[in-house]
Amino acid sequence: KPLMRTIIMVLTLLFVSVPSVHAQAEKTAQFYRDQAEESVKGTYYSDAIDQYTQAIEIDPQDTGTYFNRGLIYDKIKLYDQALEDYSKVIENDAENIEAYLKRAAIYDQDKQYADAIADYSAVIKLDPDRKNAYKHRGAAYAMTEQYDKAIEDYNRLLEFDPDNITYYGNRAAIFAEDKQYREAIKDYTKIIQMEPQNATAYYNRGQVYMKMDSGNKKSGCVDLKKACQMGNICKNYNIAKEEGDCE
């Protein structure tokens with residue numbers, strides 16, 4: 001009986017002291033994630049990738065690990081691998097806005113504009129007030145000559161921020177590209193009203209005037225000359241003088 005009591009006590013101690021396999025796995029995955037974060041701080045990106053990969057092998061359901069590894073791939077310009085990780089995040093968490101934005105940025109850079117537009121649209125559906133999604137989607141629409149949709153996105157941006165000169169400038173450029181010259185003139189004029197010393201706005205407005213019928217060339221010359229005087233943006237003004245369009 002004393003022997004049996006001793007055996008039972010030993011078995012009880014062993015049972016209490018051994019954690020579950022899942023707990024061990026979680027602890028180990030977190031260990032590798034912590035190590036990866038330290039590696040990132042020291043810019044040891046290759047080590048961080050290996051450590052995040054080890055964490056994923058142990059705990060493949062943690063979307064944050066895929067996202068963080070994707071960020072490193074992105075930073076060191078391994079874009080295909082970054083896309084795979086961001087896509088894995090979205091596969092496991094269809095409402096992860098940051099993963100959509102990161103993936104869309106890579107698509108944009110790779111000129112895969114249709115895919116970028118789809119991701120920016122997903123972001124806007126999840127968060128209708130996400131300004132940078134409208135901004136980048138508008139640019140992608142413009143690059144694919146979907147000018148009406150691009151203008152709609154910049155209209156929305158100007159509802160958010162009606163005094164944003166960059167938004168007016170981008171919308172003006174889209175209007176000009178779509179040959180909606182009078183609308184472009186309005187936007188450049190708005191910029192000049194807000195910033196009377198904005199030489200670039202005078203230059204761009206002058207360029208638009210020069211593209212319109214001959215009756216607007218005088219206004220174009222005035223703007224180009226002013227841009228030259230204010231900001232030393234003189235190339236097109238000098239060309240216009242050589243060609244006899246401006247005095």
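Visitor: Could you give an account of the overall build of the protein, with specific residues and numbers?
Guide: Helices and strands together make up the secondary structure of the protein, namely 14 helices and zero strands. Counting helices and strands in the order they occur from the N terminus, the protein gives α-α-α-α-α-α-α-α-α-α-α-α-α-α. Across the 247 residues in the protein, those meeting the buried criterion constitute 39%. Looking at the protein alone, contacts between residues at least 24 apart form 38% of all its contacts between residues at least 6 apart. Accessible area for the protein stands at about 14700 Å²; split by element, carbon and sulfur atoms hold 50% of it.

Visitor: Talk me through the state of the cysteines; I want residue IDs and the actual numbers.
Guide: Joining two cysteines, a disulfide is a covalent bond between their sulfur atoms. By the definition in use, this model includes two disulfides. Here Cys221 pairs with Cys246 through a disulfide, and the sulfurs are 1.9 Å apart. The S-S bond linking Cys221 to Cys246 shows a torsion near -90°; that makes this disulfide left-handed. Taken together, the residues span a long stretch of sequence, with Cys221 in helix 13 (residues 217–231) and Cys246 in the segment after helix 14 (235–242) at a distance of 25 residues. For the residue pair Cys221 and Cys246, the accessibility class agrees, reading buried in each case. In this model Cys228 forms its disulfide with Cys234; the gap between the sulfur atoms is 1.9 Å. Measuring handedness by torsion sign, the sulfur bridge of Cys228 and Cys234 sits at about 90° and is right-handed. Ordering the disulfide-forming cysteines of the protein by sequence position, one finds them joined as 1-4, 2-3.

Cut-offs and rules
- Residues numbered from 1 in each chain as written.
- Predicted model: local features only at pLDDT ≥ 70, side-chain atom pairs only at ≥ 80, totals over all residues.
- Heavy atoms only, no water.
- Helix = DSSP H or I, 4+ residues; strand = E, 2+ residues; numbered from the N terminus.
- Buried < 20%, exposed > 50% of the residue type's maximum accessible area, 1.4 Å probe, protein only.
- Contact = heavy atoms within 4.5 Å.
- Areas by Shrake-Rupley, 256 points an atom, 1.4 Å probe, with all protein chains shown as cover.
- Disulfide = S-S within 2.5 Å.

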